[in-house]
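# Observations on chain architecture
Here are the chains, one letter per residue:
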Amino acid sequence: EEWNEEMQQACFDYLSLGGMYSRGPISLLGGINPRPFVLVAHFFMVALYGIGRLLRPFPTPKSLLVGVQLLLGACSIILPIIRAEGIVSVFAPFLIRKPRVKEGASA
């Protein structure tokens, strides 16, 4: 499917930008950054980067269609992950209570 190929190329080009565009995804792959929000943010940034690539230098009906397919395809990939992780834990982890550890208790 054309949208999938465009997403793959967008991902490669996005990582090739370097700096924060590669640091964030690489920290996820390396297990250095376990925060799901970083995954979601970079995933949508790649999708939007791909759509932007499609619409340059000017949008055509075909590029608009592929852009919509790319966005829908990206949502079909990431939304189940967000649901599995929990919406609050992805977007507002500070709202989740952490269990208290009693003083003097040894593990």
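Note that the structure is predicted; figures quoted are calculated from it, not measured.

### A few points about the nonpolar core
Counting 16 residues, the largest nonpolar core has Met 7 and Leu 70 as the members making the most contacts within it. Of all the secondary structure elements, the ones that give two or more residues to this core are helix 1 (2–16), helix 3 (36–54) and helix 4 (61–85). Element by element, the count of residues in this core is highest for helix 3, at six residues.

### Examining the side chain of Ser 63
In this structure, Ser 63 sits in helix 4. Accessibility expressed as a relative area gives 8% for Ser 63, which makes it buried. A polar atom in the side chain of Ser 63 sits 2.8 Å from the backbone nitrogen of Thr 60. In contact with Ser 63, other than residues within four places in its own chain, are Leu 54 and Leu 55.

### Re the confidence of the model for the chain
Looking at the chain as a whole, the pLDDT averages 90, with 96% of positions reaching at least 70. The secondary structure element of the chain with the lowest average pLDDT is helix 5 (residues 87–91), at 89, and the one with the highest is helix 4, at 94.

### Notes on the side chain of Asp 13
Its location among the elements puts Asp 13 in helix 1. Assessed through its relative accessible area of 18%, Asp 13 is described here as buried. Of note is the side chain of Asp 13, whose polar atom sits 2.5 Å from the side chain of Arg 53. Discounting residues that sit within four places of it in the chain, Asp 13 has contacts with Tyr 49 and Arg 53.

### Things to note about the environment of Leu 95
Considering the arrangement of structural elements, one finds Leu 95 in the segment after helix 5. Once the C-alpha coordinates of Leu 95 and Met 7 are considered, the two residues, 88 residues apart in sequence, prove to be 33 Å apart.

### Remarks on helix 4
Counted at 1.5 Å a residue, the expected span for helix 4 with its 25 residues is 36 Å, and the 36 Å between its end C-alpha atoms agrees. Helix geometry: helix 4 is bent most strongly at Ile 78, by close to 25 degrees, with proline Pro 80 lying one to four residues after it. Those residues of helix 4 not exposed but buried are Ser 63, Val 66, Gly 67, Leu 70, Gly 73, Ala 74, Ile 78 and Ile 82. Lining the buried residues of helix 4 we find helix 1, helix 3 and helix 5. Positioned one or two residues after helix 4, Gly 86 has a phi angle of 100 degrees, which is positive.

Rules of the game
- Residues numbered from 1 in each chain as written.
- Predicted model: local features only at pLDDT ≥ 70, side-chain atom pairs only at ≥ 80, totals over all residues.
- Heavy atoms only, no water.
- Core = buried A, V, L, I, M, F, W, Y, C linked by side-chain atoms within 4.5 Å.
- Buried < 20%, exposed > 50% of the residue type's maximum accessible area, 1.4 Å probe, protein only.
- Helix = DSSP H or I, 4+ residues; strand = E, 2+ residues; numbered from the N terminus.
- Polar contact = N/O pair within 3.5 Å; in protein donor to acceptor, adjacent residues only side chain to side chain.
- Contact = heavy atoms within 4.5 Å.
- pLDDT = per-residue confidence, 0-100.
- Expected span 1.5 Å × (residues − 1).
- Bend = angle between axes of the 7 residues up to and from the residue.

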